[in-house]
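The primary structure of each chain is shown beneath.
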Amino acid sequence: MNRRTWLKFTLGAGVSALGHPLLARAAGPTELRIGYQKSGVLLVAKQQGLLDKHFASRGISVKWVEFSYGPPLLEALNAGGIDYGATGDAPPIFAQAARANLLYVAVLPSGGSGQAILVPRDSAIQTLADLKGKKVGFAKASSAHNLVLSALESANISYSEITPVYLAPADAAAAFARGAIDAWAIWDPYYAIAEKARPIRALPVPKSALVQNSFFLANRDFTQKNPDIVAGVNEELAKASSWIVDHRDETAKLFAEATGVDLAAQITTVQRSEFAFSPITETVATQQQAVADRFAKLNLIPSPINVRDIIWTWKPGA
C-alpha cells in the first residue's frame, strides 16, 4: 500500500467512524432538556442553576421548557421534545396506557394536603354524596382527575353519578368563579389562590383518598443511553429538596417571583407541601398501581397496565 492509498484509507475510515451512529452516541448529548412547571423542586433547581453547574464540566447545556400542567409535558417527553420532567400521579398512567416512551425515575411522596375538591362556602354541597348530579370541574388525566375518582370511590359513589367537566386549571378557575361548575378539584398553587380570592370550602375527603404522589419521569431512550445523566439530575434535585425543607419562606418568595402569584398563596402552598425526593419505593409503586387500576376499572384507559414495567431503578450515590 503506497502513501496516497494509505492516506485515503485512513482518512476515509476516520470519517466513517465519526459518522457511525454508535460512536456518535458514545460522545453523549450536548444538551439536556428539562420540562418544568413554575413550582416545586425543578423550579428551585432552575433558579439556583444546580443542573447547569453539575453538567458544565461535561459540556452539557441545560434547556428549560415550561408547561402549565402534566399531560402536555408527558406528550413532549414521549415525542423526545424534552428528556426529563415532573407531573402528578395520573398523567403517567394515561401516557403508559398510550405506550408512551417514558420511565418513572424518582418521586416526591405526598399525603395530598396540597389539593382539594372545592365548593363555594355557601354551597348546599356539604359531603361527597352531595356531588351526585353535580358538575365537577378538573383537568382530564391530571392528579385532580384521580382525586375525584378516589374520593368518589371512598364514598361508594359511581363516577357516572356526577357530571365531569374537563377543564385546564385556568379555565376551571374561571368557570368556578362564575358558577358554571358546582365543584372544582384542583392542586396548589391554584388551590391556595382560590382560598385567598373568594369564600370557599374544601369538601371532607378521607386521608387515604388524598394520597397524591408527584413523579419525575424521563424519556426511555434517553435514560437507557444516559443513565448517569438521569442519576445526576436526580442527585441535584435531591439537594434542592433538602434546601427547600430548610428554607420554606425563601422558596415561597422564589415561587411568587417566578409566577406572579400572591406571596401569601405561595407561602400556604409551600408550607403544606412535602419535599422528600427519593427513588421509587415498593410502597409508592403499589400506590401508583392502585391509581392505574382505578382508571382501568372505569375504562378511562384502554386496558390495564403494570406501572412496574416502566420504573427505572435509581440508586443514590451509586
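Above this text you will find the structure in question.
The structure displayed is predicted, hence computed values, not measured ones. (Residues numbered from 1 in each chain as written. Predicted model: local features only at pLDDT ≥ 70, side-chain atom pairs only at ≥ 80, totals over all residues. Heavy atoms only, no water.)

1. What to know about the overall build of the protein
Per the secondary structure count, the protein includes 14 helices and 10 strands. With the C-alpha coordinates aligned to their principal axes, the bounding extent of the protein is approximately 95 × 45 × 35 Å. A sequence separation of at least 24 residues applies to 78% of the contacts in the protein between residues at least 6 apart. Carbon and sulfur atoms provide 53% of the accessible area of the protein, an area that totals close to 14900 Å². (Helix = DSSP H or I, 4+ residues; strand = E, 2+ residues; numbered from the N terminus. Contact = heavy atoms within 4.5 Å. Areas by Shrake-Rupley, 256 points an atom, 1.4 Å probe, with all protein chains shown as cover.)

2. What about the sheet that holds strand β10 (residues 214-219)?
Within a sheet, each strand pairs with its neighbour through backbone hydrogen bonds, oriented either parallel or antiparallel. Reading across the sheet, the 5 strands line up as β2-β1-β3-β10-β4 and stay open at both edges, with mixed pairing between neighbours. Each edge of the open sheet is held by one strand with a lone partner, namely β2 (61-66) and β4 (102-108). The average undirected angle you get between the axes of adjacent strands in this sheet is 25°. (Pairing = 2+ DSSP bridges. Axes fitted to C-alpha atoms, helices over the stretch in contact; angles between N-to-C directions.)

3. Observations concerning the pattern of salt bridges
Under the defined criterion, the tally for this structure stands at 9 salt bridges. In this structure, K132 engages E161 in a salt bridge whose closest nitrogen and oxygen atoms are separated by 3.9 Å. Highlighted residues: K132 in the loop between β5 (115-120) and β6 (135-138) and E161 in the loop between α7 (143-154) and β7 (163-166), separated in sequence by 29 residues. The salt bridge partner of E282 is R308, with a shortest N-O separation of 2.5 Å. Of this pair, E282 sits in helix α14 (residues 282-297) while R308 is found in the segment after α14, placing the two residues 26 residues apart along the sequence. Connected through salt bridges with shared partners, the residues D188, E195 and R272 form a single ionic network. (Salt bridge = Lys/Arg side-chain N within 4 Å of Asp/Glu carboxyl O.)

4. Side note on the packing of helix α3 (residues 40-48) against helix α11 (residues 227-246)
Where α3 meets α11, the closest approach of the two axes is 9 Å, and the angle between their N-to-C directions is 100°. In terms of orientation, α3 lies roughly perpendicular with respect to α11. Along its contact with α3, which presents V41, L42, V44, A45 and Q48, the element α11 presents L237, A240, S241, W243 and I244. Among the residues making up the contact of α3 with α11, the classes are represented as 8 nonpolar, 2 polar and no charged. (Parallel < 35°, antiparallel > 145°, perpendicular 65-115°, else oblique. Nonpolar A, V, L, I, M, F, W, Y, C, P; charged D, E, K, R; others polar.)

5. So, the environment of A97
Inspection of the secondary structure puts A97 in helix α6 (residues 90-97). Taking the relative accessible area as the measure of exposure, A97 reaches 14% and is therefore buried. Considered as a pair, A97 and A180 are 83 residues apart in the sequence and their alpha carbons are 32 Å apart. Those residues in contact with A97 that lie beyond four places of it in its chain are I301, P302 and I305. (Buried < 20%, exposed > 50% of the residue type's maximum accessible area, 1.4 Å probe, protein only.)

6. Structural notes on the layout of surface pockets
Reported here for the largest pocket is a volume of approximately 950 Å³. Along the walls of the largest pocket sit 47 residues, with Q37, S39, W187, D188 and S214 positioned nearest its centre. Listed by contribution, the elements that provide at least two residues to the lining of the largest pocket are β1 (31-36), α3, α5 (70-79), β3 (84-87), α9 (190-197), β10, α12 (248-259) and α13 (263-271). Here the residues of the lining of the largest pocket are counted per class, giving 21 nonpolar, 21 polar and 5 charged. (1 Å grid on protein atoms, 1.4 Å probe; cavity = no way out; pocket = protein on both sides within 12 Å on 5 of 7 lines; lining within 4 Å. Points joined across faces, edges and corners; volume = space filled by probe spheres on them.)

7. Section: the packing of α7 against α14
Interaxial distance between α7 and α14 falls to 11 Å at its minimum, and their mutual angle equals 80°. Looking at the two axes, α7 sits roughly perpendicular to α14. Residue-level inspection shows H145, N146, L149, S150 and E153 of α7 in contact with α14, the latter providing V291, R294 and F295. Residues of the contact of α7 with α14, tallied by class, amount to 3 nonpolar, 3 polar and 2 charged.

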